[in-house]
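Chain residues, written in single-letter form:
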Amino acid sequence: MTEIEPIRWENEQLLLLDQTQLPHRQRWLVMRGSSQVAKAIREMRVRGAPAIGVAAAYGMALAARQVRKRTMPTFLKTLEERAAELSASRPTAVNLHWAVALCLEAARQCPTPEEARERLLAEAQRLQQEDVAANRAMGQHGASLLPDSGGVLTHCNAGALATAGYGTALGVVRAAWETGKRFQVFCTETRPWLQGARLTAWELVQLGIPVSLIVDSAAASLMRTGEVNAIVVGADRVAANGDVANKIGTYSLSVLAKEHGIPFYVAAPTSTVDLAMPNGDHIVVEERGPSEVTHWAGRQTAAEGIGVRNPSFDVTPAKYVTAIITEHGVAKPPYEADLRSLVAARSPEAVA
Ligand code: MRU
């Protein structure tokens, strides 16, 4: 199959595969500036922690091209405003804030706006390539953890679409299949946005990996009947103690896994590890609009006037996580020391 890469830089243009239209339509959106990138992230046309990080880095490159200021102080002032707009587009995934901060720092090191423009495009391209490489490395580290046969359950979409390519949790699934393991995958539909049904199922069908779609509430029953032998999910932010923010429903899967003695793995690049966050209690969980819950396919399915809570993520305490697979190796409980050394393998200054 051709590799799915949801973010492209072609002919000096940023193209995003519109994930709100999948699997019915493959529509590419041309981004005209950083505000459009921020809007695309807000509207989840591009989504998944690593993917929104890379998209935001390209957003910074577009911003640098848009800002016509001639002196560095005025150029940087406007660039900082664009950076703030990108950073505010979604709160939970740290990759977004990490990538924007990294690009801003790179711009600050440039003597002229012209150099900053070139540097930021190079930074975005580097982050994109590094993300694919990290995912492939995660696959290598994680493949041996998955069973040779039986069932592997995943939640939401942590595949190529959620990254620059190859995927985190689905990258591990893929790598295990490439080594000859022959399990079957269960993917949860992932209410309310249906990342599992619309995106993960689509990716796995294209890869030729057997996948059965289940409603979110079927997971417990499949675990009880012994059909699930391992769970692997992605992450939006991993705190220093190993607490994991990921798509709503991850927490309940982890508790169920513990009850049934099933290993629960998290696959995430070190760019998703936030050592400044001591534990998951302070992670900001995005709450999305009520219509995602009250409507289905554009039609209202809940009573008019109903109150709604729609947290888009939850925090899984580290005690429910069997291991965290990164591109530099696998962290084991009690996570903090392992996570620090794995992050240091990417950037020693991040743990200084
Ligand atoms: O709201 P989304 O679709 O951006 O949420 C995505 C997830 O929760 C993923 O599991 C996570 O970002 C890891 S993606 C490699």
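Residues numbered from 1 in each chain as written. Predicted model: local features only at pLDDT ≥ 70, side-chain atom pairs only at ≥ 80, totals over all residues. Heavy atoms only, no water.

(A) Broad picture of the site of the ligand. Arg-47, Arg-90, Gln-195, Asn-246 and Lys-247 are the nearest of the 19 residues found near the ligand. Burial of the ligand by the surrounding chains reaches 99%, relative to a free accessible area of 410 Å². A molecule is said to occupy a pocket when more than half its atoms come within 2 Å of that pocket's grid points, and by this definition the ligand occupies the largest cavity. Counting only elements with at least two residues in the shell around the ligand, the list comes to helix H2 (49-66) and strand E9 (244-247). Tallied by class, residues from the shell around the ligand come to eight nonpolar, seven polar and four charged. Formed jointly, the shell around the ligand draws a minimum of three residues from each of two domains, domain 1 (7-135) and domain 2 (141-351). (Near = heavy atom within 4 Å. Areas by Shrake-Rupley, 256 points an atom, 1.4 Å probe, with all protein chains shown as cover. 1 Å grid on protein atoms, 1.4 Å probe; cavity = no way out; pocket = protein on both sides within 12 Å on 5 of 7 lines; lining within 4 Å. Sits in = over half its atoms within 2 Å of the grid points. Helix = DSSP H or I, 4+ residues; strand = E, 2+ residues; numbered from the N terminus. Nonpolar A, V, L, I, M, F, W, Y, C, P; charged D, E, K, R; others polar. Domains from an automatic or database assignment.)

(B) How the structure looks around the packing of helix H3 (residues 72-87) against helix H5 (residues 113-142). Where H3 contacts H5, the axes come no closer than 10 Å and their chain directions differ by 40 degrees. One way to sum up the angle between H3 and H5 is to call them oblique. Residue-level inspection shows Met-72, Phe-75 and Leu-79 of H3 in contact with H5, the latter providing Pro-113, Ala-116, Arg-117 and Leu-120. Grouping the constituent residues of the contact of H3 with H5 by class yields six nonpolar, no polar and one charged. (Axes fitted to C-alpha atoms, helices over the stretch in contact; angles between N-to-C directions. Parallel < 35°, antiparallel > 145°, perpendicular 65-115°, else oblique. Contact = heavy atoms within 4.5 Å.)

(C) Representation of the packing of aromatic side chains in the model. Per the counting criterion, the structure on display carries three aromatic pairs. Look at Tyr-251 and Tyr-320: their rings are 6.3 Å apart centre to centre, the planes differ by 55 degrees, and that puts the pair in the tilted class. One end of the pair, Tyr-251, is in helix H9 (residues 250-260); the other, Tyr-320, is in the loop between strand E14 (313-316) and strand E15 (323-326), with 69 residues separating them in the sequence. You can call Tyr-251 partly exposed: its relative accessible area is 37%. Residue class for Tyr-320 comes out buried when judged on its relative accessible area of 17%. Looking at Arg-198, its charged tip hangs above the ring of Trp-193, at a distance of 4.4 Å from the centre. (Phe/Tyr/Trp six-rings, centres within 6.5 Å; stacked < 30°, edge-to-face > 60°. Buried < 20%, exposed > 50% of the residue type's maximum accessible area, 1.4 Å probe, protein only. Lys NZ or Arg CZ within 6 Å of the ring centre and 35° of its normal.)

(D) Empty space enclosed by the protein, seen in detail. In this structure the tally under the stated criterion is two cavities of 30 Å³ or more. Its boundaries defined by the atoms lining it, the largest cavity holds a volume of some 230 Å³. Along its surface, the largest cavity is lined by 25 residues, and Arg-47, Gly-48, Ala-49, Asn-157 and Asp-236 are the ones closest to its centre. Contributions of two or more residues to the lining of the largest cavity are made by H2 and E9. With three residues, the single largest contributor to the lining of the largest cavity is H2. (Points joined across faces, edges and corners; volume = space filled by probe spheres on them.)

(E) How the structure looks around the sheet that holds strand E3 (residues 28-31). Pairing is antiparallel in the open sheet, where three strands are placed in the order E1-E2-E3. For this open sheet the edge positions go to strand E1 (7-10) and E3, each flanked by a neighbour on one side alone. When the angles between neighbouring strand axes are averaged without regard to direction, this sheet yields 30 degrees. Of the strand pairs in this sheet, E1 and strand E2 (residues 13-17) are connected by four bridges, and their pairing is antiparallel. By the bridge assignment for E2, Trp-9 is matched with Leu-14. In the packing of helix H1 (residues 34-42) onto the sheet, the strands contacted are E2 and E3, and the crossing angle to E3 comes to about 145 degrees. (Pairing = 2+ DSSP bridges.)

(F) Summary view of the nonpolar core. By size, the foremost hydrophobic cluster in this structure holds 47 residues, and its most contacted members are Ile-7, Leu-14, Val-46, Met-60, Leu-79 and Leu-120. Only E1, E2, E3, H1, H2, H3, helix H4 (94-108) and H5 provide two or more residues apiece to this core. For this core, the leading source of residues is H2, giving 13 residues. Beyond its immediate sequence surroundings of up to four residues, Ile-7 is in contact with Leu-14, Leu-15, Leu-16, Trp-28, Val-46, Ala-51, Val-54, Ala-55, Tyr-58 and Gln-128. (Core = buried A, V, L, I, M, F, W, Y, C linked by side-chain atoms within 4.5 Å.)

(G) Looking closely at the domain arrangement of the protein chain. Its domain assignment divides the protein chain into domain 1 (7-135) and domain 2 (141-351). Taking only C-alpha atoms into account, the centre of domain 1 sits 25 Å from that of domain 2. Interface area for domain 1 against domain 2, summed over the two sides, is near 2600 Å², with a carbon-plus-sulfur share of 57%. Ranking the residues of domain 1 by area buried against domain 2 places Arg-47, Thr-92 and Asn-135 at the top, with a combined share of 25%. Linking domain 1 with domain 2 are one salt bridge, by the criterion used here. The salt bridge involving Glu-286 is made with Arg-90; its shortest N-O contact spans 2.8 Å. (Buried area = accessible area lost by both parts, 1.4 Å probe. Salt bridge = Lys/Arg side-chain N within 4 Å of Asp/Glu carboxyl O.)

(H) Layout of unusual backbone geometry. Omega for the peptide link from Arg-191 to Pro-192 comes to 0 degrees, which places this bond in the cis form. As for its position among the elements, Pro-192 is in the loop between strand E5 (184-188) and helix H7 (195-207). Between Pro-333 and the following residue, Pro-334, the backbone shows a cis peptide bond with an omega angle of 0 degrees. Among the secondary structure elements, Pro-334 is positioned in the loop between strand E16 (329-331) and helix H11 (336-346). Not every positive phi belongs to a glycine, and Glu-12 is a case in point at roughly 65 degrees. At Met-44, a position not held by glycine, the phi torsion is positive, near 65 degrees. A residue is classified by how much of its surface remains accessible, and Met-44, at 1% relative accessible area, is buried.

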